[in-house]
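Inside the fold
In case you want the letters, here they are:
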Amino acid sequence: MAESVFGKISVLVVDDSAYMRHLLMTLLQAAGVGDVHLAINGEEAWDVLTSREPDIVITDAAMVPGDGFMFAKRLRSLRGRALGMIPIIMVSGHTDLESVERARDIGVTEFLSKPISPRALYERLIQVIDRPRAFVETPTYRGPDRRRRHAPFEGVDRRGSVAML
Amino acid sequence: MTQQIVHSRLAGREAAAGETPPDVRFIRVPSIAERKLGPDYTAPMRLDPRVLDKMQTTIRKLESKYGEALSAQVSMLQLLVEPAAKGDTEARGRLYALAHDMRGLAGTFGFPVAGRFANSLCIYLEKCLEEDWRDGSVIRLHIDAIREAVDNPGTDPALTMETLNALERLIAANGARWKDAG
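What counts and how
Residues numbered from 1 in each chain as written. Chains lettered and ligands numbered in written order. Predicted model: local features only at pLDDT ≥ 70, side-chain atom pairs only at ≥ 80, totals over all residues. Heavy atoms only, no water. Helix = DSSP H or I, 4+ residues; strand = E, 2+ residues; numbered from the N terminus. Buried < 20%, exposed > 50% of the residue type's maximum accessible area, 1.4 Å probe, protein only. Contact = heavy atoms within 4.5 Å. Areas by Shrake-Rupley, 256 points an atom, 1.4 Å probe, with all protein chains shown as cover. Pairing = 2+ DSSP bridges. Right-handed = clockwise from strand over helix to strand, strands pointing away. Buried area = accessible area lost by both parts, 1.4 Å probe. Salt bridge = Lys/Arg side-chain N within 4 Å of Asp/Glu carboxyl O. pLDDT = per-residue confidence, 0-100. Axes fitted to C-alpha atoms, helices over the stretch in contact; angles between N-to-C directions. Core = buried A, V, L, I, M, F, W, Y, C linked by side-chain atoms within 4.5 Å. Domains from an automatic or database assignment. Arc of directions from axis to C-beta. Parallel < 35°, antiparallel > 145°, perpendicular 65-115°, else oblique. Nonpolar A, V, L, I, M, F, W, Y, C, P; charged D, E, K, R; others polar.

Turning our eyes to something else, we now look at the overall build of chain B. Across its full length, chain B carries seven helices and two strands. Listed N to C, the secondary structure of chain B is β-β-α-α-α-α-α-α-α in terms of helices and strands. Scored against the burial criterion, the 182 residues of chain B give a buried share of 41%. Pairs at least 24 apart in sequence give 56% of the contacts found in chain B among residues at least 6 apart. Taken as a whole, chain B presents about 9800 Å² of accessible surface, with 53% of it coming from carbon and sulfur.

Residues and elements named next belong to chain A. A large share of strand β3 (residues 56-60) lies buried, amounting to five of its five residues. Of the two faces of β3, the one holding Ile-56, Ile-58 and Asp-60 and the one holding Val-57 and Thr-59 are both buried throughout. Pairing geometry for strand β1 (residues 10-14) and β3, over four bridges, is parallel. By the bridge assignment for β3, Val-11 is matched with Ile-56. One ladder, built from four bridges, connects β3 with strand β4 (residues 88-92); its direction is parallel. Bridging from a neighbouring strand, Val-57 pairs with Ile-88 of β4. Once you follow β3 into helix α4 (residues 68-76) and on to β4, the crossover reads as right-handed.

Between chain B and chain A, the contact holds 51 residues from the first and 54 residues from the second. Summed over both partners, the interface of chain B with chain A buries about 4600 Å², with 68% contributed by carbon and sulfur atoms. Counting the surface chain B buries against chain A, the share from its top three residues, Ile-32, Met-45 and Met-55 of chain B, is 16%. Seen at the junction of chain B and chain A, the total is three salt bridges. Close ionic contact of Asp-55 of chain A with Lys-36 of chain B constitutes a salt bridge, the shortest N to O distance being 3.2 Å.

In this section: the side chain of Ser-92 of chain A. The topology assignment puts Ser-92 of chain A in strand β4. When neighbours within four sequence positions are excluded, Ser-92 of chain A is seen to be in contact with Asp-60, Ala-61, Phe-111, Leu-112, Ser-113 and Lys-114 of chain A.

A few words now on the confidence of the model for chain A. Per-residue confidence for chain A gives a mean pLDDT of 88; residues scoring 70 or more make up 90%. Put simply, helix α7 (residues 161-164) of chain A is where chain A has its lowest mean pLDDT, 58, and β1 of chain A is where it has its highest, 97.

Turning our eyes to something else, we now look at the environment of Arg-147 of chain B. Residues and elements named next belong to chain B. When you line up the elements, Arg-147 lands in helix α6 (residues 137-151). Each C-alpha atom, one on Arg-147 and one on Val-74, is 6.3 Å from the other, the two residues being 73 residues apart in sequence. Not counting the four nearest positions on each side in its chain, Arg-147 is found in contact with Ser-71, Val-74, Ser-75 and Gln-78.

All names here are of chain A. Within the open sheet, the five strands sit side by side as β2-β1-β3-β4-β5. Their pairing is parallel. Both edges of this open sheet fall to β2 (35-39) and β5 (110-113), since each of them pairs with a single strand only. Between one strand axis and the next, the sheet turns by 20° as a mean value, whatever way the strands run. Across the face of the sheet, helix α3 (residues 42-52) comes into contact with β1, β2 and β3 while running at roughly 150° to β2.

Residue and element names in this part refer to chain A. With five of five residues buried, β1 is to be regarded as a mostly interior element. Sheet analysis places β1 next to β2, joined by five bridges and oriented parallel. Paired with Ser-10 across the bridge in β2 is Asp-35. For the segment spanning β1, helix α2 (residues 18-31) and β2, crossover handedness is right-handed.

With that out of the way, let us pick up the nonpolar core. Soluble globular proteins tend to pack their nonpolar side chains together in the buried interior. Counting residues in hydrophobic clusters, the biggest one holds 74 residues, and the most contacted among them are Ile-56, Ile-58 and Ile-129 of chain A together with Leu-95 and Ile-146 of chain B. For this core, the leading source of residues is helix α2 (residues 49-85) of chain B, giving twelve residues. Per-domain counts for this core show at least three residues from each of domain 1 (3-40) and domain 2 (66-180) of chain B. Setting aside residues no more than four positions away along its own chain, Leu-95 of chain B makes contact with Leu-77, Leu-80, Val-81, Ala-84, Leu-121, Leu-125, Trp-133 and Ile-139 of chain B.

Moving on, we get to α4 of chain A. Residue and element names in this part refer to chain A. What α4 keeps buried is the set Gly-68, Phe-69, Phe-71, Ala-72, Leu-75 and Arg-76. Relative to the axis of α4, the buried residues are bounded by an arc of 165° and lie together on one face. Facing away from the buried side of α4 by more than 90 degrees, the exposed set consists of Met-70 and Lys-73.

Residues and elements named next belong to chain B. Axis separation between helix α4 (residues 112-127) and helix α7 (residues 157-180) bottoms out at 10 Å; the angle between their running directions is 10°. When the axes of α4 and α7 are compared, the pair comes out roughly parallel. Residue-level contacts link Val-113, Arg-116, Phe-117, Ser-120, Tyr-124 and Lys-127 of α4 to Thr-160, Met-161, Thr-163, Leu-164, Leu-167, Glu-168, Ile-171, Asn-174 and Trp-178 of α7. Split into classes, the residues belonging to the contact of α4 with α7 amount to eight nonpolar, four polar and three charged.

Here it is as structure tokens:
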């Protein structure tokens, strides 16, 4: 089944490194992805995104001009359009907690640390293709539900939120 | 594409008395697999060893090409140190870009040690000051370590770790000075 799904999806790869673009494109093609679009920065990616409307975006974090964070933020700001909810996989060499949390808080769906491995990429693809998290819209956040586990709340329900849910 | 399932009134912060909490919407997003395959969709999608094998074979094919490119990149790093130390901003930009590429790619293509040294170099370059560029000694130490890792991948891991730790200590020792400089 996996191959048939991959054959039907389109992926936008955004990275300022030609080597990394080539690597990601080659890996995606090996996985059977039929349609891969490439962009070298957030600015160029925006044009490709709006004209091609891919199913998944894989973006590097550090790029000039228009880094991956800015691009992801802009994408998530597309309200009222399905395009604003597409999965974003961010690839980064910065794996410190601050970077990961920053990515999460602007609505990045999955984080992939460099150096990337075929297995890690494949697993992230399966995650976004087949196991989407609910999309959340609040005045301060727009993106996939940041909770990956639904543990019961055992504290004091001061807002009455638990009861409402 | 989407179907709204909950329209709650939960606040992202504590709501004051009498204040209406802002809207929070939870939207169910159908899986891409479900959308693309329609009735042929059977959940859950699992990792297919054949697909993974194809991806890994692809990496192996690219490895030898990358090894040659990496060696050339290290030579380029060595050439860029001097103009970078003299204030050539283009050389500095290229030096960082090469190290950044190595940080991201070397590990994938079987040069994890070179990738770690490149990572350490990137961390240093992201923080260092003009005087550090002009001095250039820490940059040179990193590039020598990368060269060694590329030319002699079989080096004793303990020795590699010792070198890496020493470079990291060197970077950490500069932390206070960089902080003072803002």
